[in-house]
Amino acid sequence: MFRRSFWVSAVLVFMVSISLAFASEQKGDEAFGKLMDGNKRFVSGSLAQKDVGNSRRKELLKGQSPFAIVVTCSDSRLSPEIIFDQGLGDIFVIRTAGNLLDPIALGSIEYAAEHLHSPLLLILGHEQCGAVTAAMDAKGKPEGNIGAIVRKIMPAVKAAKTKGGTKDDIFNNAIKENVSVQEKYIMSKSPVLKHLIEKGELKVVAAVYHLGSGEVEILGKGSSAPAHMHHH
Ligand SMILES: [Zn+2]
């Protein structure tokens, strides 16, 4: 009798935890879909009507619950709210030249994921990134604090050079490598985020933005990547 009820409850606990994990993974997938739908609207030029007025500001005084965290470059040509067609309170953004992460940036992501419960983290590099160019062309000591940026991009440039190809190939691969270096940095330097990712409470997607077309290209295994996007 005891044994039987033990197994029944063990199975129930197991099923409940599976469905909870499924529900949180679903939130990440939904957020990803919402972001990509916004990008499709931006690409096609038919933007959604967004409430960025007084009533929305008042509503947001109660608090924020952004559905996505976006890490991207400071480059003025790819403001996340614009390229994903989103409004106030929708996305939590971390921007540095070269979409690089340091402890402060990691802490910002942790805050959004753990305290605001954002279910999605997008790491977005971009075509023609000047920070990556600076690391590709680096000779001698760069001026001021730009050296810190160049040094942090160097491993990605080295990895791209090892792969070889034309100068354009190396440049484009360095941009992609840099995104995956940041992803690995998160896993190795933030136990908080690693835990949320492993529990399925935070979905991580790596991508590259194309300046000309306005399209966001999903890198790697992005399961819900739109069919028209290129895979590598
Ligand atoms: Zn850039």
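Rules and cut-offs
- All chains use their own residue numbering, which begins from 1 and follows the written sequence.
- For this predicted model, a pLDDT threshold of at least 70 governs which residues receive local features, and a threshold of 80 or more governs which side-chain atom pairs are given and counted, while totals over whole chains, interfaces and linings are taken from all residues.
- Excluding hydrogens and water, the side-chain figures rest on all heavy atoms present in the structure.
- We count a stretch as a helix when DSSP gives it H or I for four or more residues in a row; a strand needs E for two or more, and each element gets its number in order from the N terminus.
- Residues count as neighbours in contact if any of their non-hydrogen atoms are within 4.5 Å of one another.
- Centres within 6.5 Å make a pair out of two Phe, Tyr or Trp rings, where for Trp the six-membered ring is used; the pair is then stacked when the planes are under 30 degrees apart, edge-to-face when over 60, and tilted otherwise.
- Exposure is judged per residue with a 1.4 Å probe applied to protein chains only, and the accessible area is read against the type maximum: over 50% gives exposed, under 20% gives buried, and values in between give partly exposed.
- Each metal's donors are the N, O and S atoms found within 2.8 Å of it, except that Na, K and Ca use a 3.2 Å limit; water is left out, so coordination can look incomplete.
- As used here, the arc belongs to the directions running from the helix axis to the C-beta atoms.
- A fitted line through C-alpha atoms represents every axis, and for helices the fit uses only the stretch in contact; the resulting angles, taken between N-to-C directions, go from 0 to 180 degrees.
- Roughly parallel means an angle under 35 degrees; roughly antiparallel, over 145; roughly perpendicular, 65 to 115; everything else is oblique.
- Polar here means any residue outside two lists: the nonpolar Ala, Val, Leu, Ile, Met, Phe, Trp, Tyr, Cys and Pro, and the charged Asp, Glu, Lys and Arg; Gly therefore counts as polar.
- The term salt bridge refers to a side-chain nitrogen of Lys or Arg lying within 4 Å of a carboxyl oxygen of Asp or Glu.
- For two strands to be treated as a pair, DSSP must find no fewer than two bridges joining them.

This paragraph deals with the side chain of Ser190. Tracing the chain through its elements places Ser190 in the loop between α7 (167-189) and α8 (191-198). Setting aside anything within four residues of it in sequence, one finds Ser190 in contact with Leu106, Glu110 and Tyr185.

Let us look at the packing of aromatic side chains. Throughout the structure, instances matching the rule amount to one aromatic pair. Aromatic side chains Phe92 and Tyr111 sit 6.2 Å apart centroid to centroid with 45° between the ring planes, which places their arrangement in the tilted category. Taken together, the residues span a long stretch of sequence, with Phe92 in strand β2 (residues 91-95) and Tyr111 in helix α4 (residues 103-115) at a distance of 19 residues. On the basis of relative accessible area, Phe92 is assigned to the buried category, the value being 16%. Residue classification places Tyr111 among the partly exposed residues on the basis of a relative accessible area of 41%.

Cys73 (SG), His126 (NE2) and Cys129 (SG) make up the full set of protein donors to the zinc ion, lying at 2.0 to 2.3 Å. The sequence motif formed by the donor residues of the zinc ion is C-x52-H-x2-C. Assessed through its relative accessible area of 1%, His126 is described here as buried.

Moving on, we get to α8. Within α8, burial applies to Leu193, Leu196 and Ile197. For α8, the buried positions fall inside an angular range of 100° around the axis, keeping them on one side. Opposite the buried face of α8, at more than 90 degrees from it, the exposed residues are Pro191 and Glu198. Its buried side turned inward, α8 meets α4, α7 and β4 (203-209). Gly200 sits one or two positions beyond α8 and adopts a positive phi of about 85°.

Let us now look at the packing of α7 against α8. Describing two packed helices takes the angle between their axes plus the distance from one axis to the other. For the pair α7 and α8, interaxial distance at closest approach is 6 Å and the crossing angle is 100°. On the basis of the axis angle, α7 is roughly perpendicular to α8. For the pair formed by α7 and α8, the contact residues are Ile186, Met187 and Lys189 on the first element and Pro191, Leu193, Lys194, Ile197 and Glu198 on the second. Residues that form the contact of α7 with α8 fall into these classes: five nonpolar, no polar and three charged.

In this structure the tally under the stated criterion is 11 salt bridges. Note that Asp90 is salt-bridged to Arg56, the shortest N-O span being 3.9 Å. Placement of the pair is Asp90 in the loop between α3 (80-83) and β2 and Arg56 in helix α2 (residues 54-60), with a sequence separation of 34 residues. The same class applies to Asp90 as to Arg56, namely buried. Here the salt bridges do not stand alone but share partners, grouping Arg41, Lys50 and Asp85 into one network.

This next bit is on the sheet that holds strand β5 (residues 216-218). Reading across from one edge, β2-β1-β3-β4-β5 is the order of the five strands in this open sheet, with mixed pairing throughout. Whereas interior strands pair on both sides, the edge strands pair on one side only; in this sheet they are β2 and β5. With direction set aside, neighbouring strand axes in the sheet form an average angle of 30°. Strand direction decides the pairing type here: strand β3 (residues 120-126) and β4, joined by seven bridges, are parallel. Bridging across to β4, Ile123 finds its partner in Ala206. In the packing of α4 onto the sheet, the strands contacted are β1 (68-72), β2 and β3, and the crossing angle to β2 comes to about 175°. Docked against the sheet, α7 engages β3, β4 and β5, running at close to 150° with respect to β3.

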